[in-house]
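# Observations on the model geometry
Spelled out, the chains give:
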Amino acid sequence: MGGISIWQLLIIVAIIVLLFGTKKLRTLGTDLGESVKGFKKAMADDKKDAEFEKVESKAAESTEQKAKDKEQA
């Protein structure tokens, strides 16, 4: 009790298809898929940017350290 059976889900899907039509649902699914791909790509780009910033900051620190060592010598 309390759960949704497979038959209830099929009836809901049939009503949605009748209301919106298969063409509109297909377009909606395609748009949703492209949005998810774009979001995943943006997340991957952010990770790459964050890793690049870490490497860049380490390089800057080592350059500053070399400059301090030259000043002390």
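Everything quoted here is computed from the prediction, not taken from an experiment.

## Looking at the overall build of the protein
What the protein contains, in helices and strands, is two helices and zero strands. Buried positions account for 0% of the 73 residues belonging to the protein. Roughly 7,200 Å² of accessible area belongs to the protein as shown, and the carbon and sulfur atoms make up 64% of that amount.

## A closer look at helix α1 (residues 6-20)
An ideal rise of 1.5 Å per residue puts 21 Å on 15 residues; α1 measures up with 21 Å between its terminal C-alpha atoms. Phi for G21, located one or two positions after α1, is positive at around 85°.

## Quick notes on a nonpolar patch on the surface
On the surface, a cluster of nonpolar side chains totalling about 1,200 Å² of accessible area is made up of I4, I6, W7, L9, L10, I11, I12, I15, I16, L19 and F20. Here I6 shows up in helix α1. With a relative accessible area of 53%, I6 lands in the exposed category.

## With respect to the UniProt feature "transmembrane region" (unreviewed entry) in the protein
The UniProt record marks residues 6-22 with the feature "transmembrane region" (unreviewed entry), using the residue numbering of this structure. For residues 6-22, the helix share is 94%, the strand share is 0%, and the end-to-end C-alpha distance is 21 Å.

So, how was this worked out
Residues numbered from 1 in each chain as written. Predicted model: local features only at pLDDT ≥ 70, side-chain atom pairs only at ≥ 80, totals over all residues. Heavy atoms only, no water. Helix = DSSP H or I, 4+ residues; strand = E, 2+ residues; numbered from the N terminus. Buried < 20%, exposed > 50% of the residue type's maximum accessible area, 1.4 Å probe, protein only. Areas by Shrake-Rupley, 256 points an atom, 1.4 Å probe, with all protein chains shown as cover. Expected span 1.5 Å × (residues − 1). Patch = residues over 30% accessible without salt bridge, like charges linked within 9 Å, V, L, I, M, F, W, Y side chains within 5 Å. Salt bridge = Lys/Arg side-chain N within 4 Å of Asp/Glu carboxyl O. UniProt positions renumbered as here; feature names shortened; annotations may be inferred.

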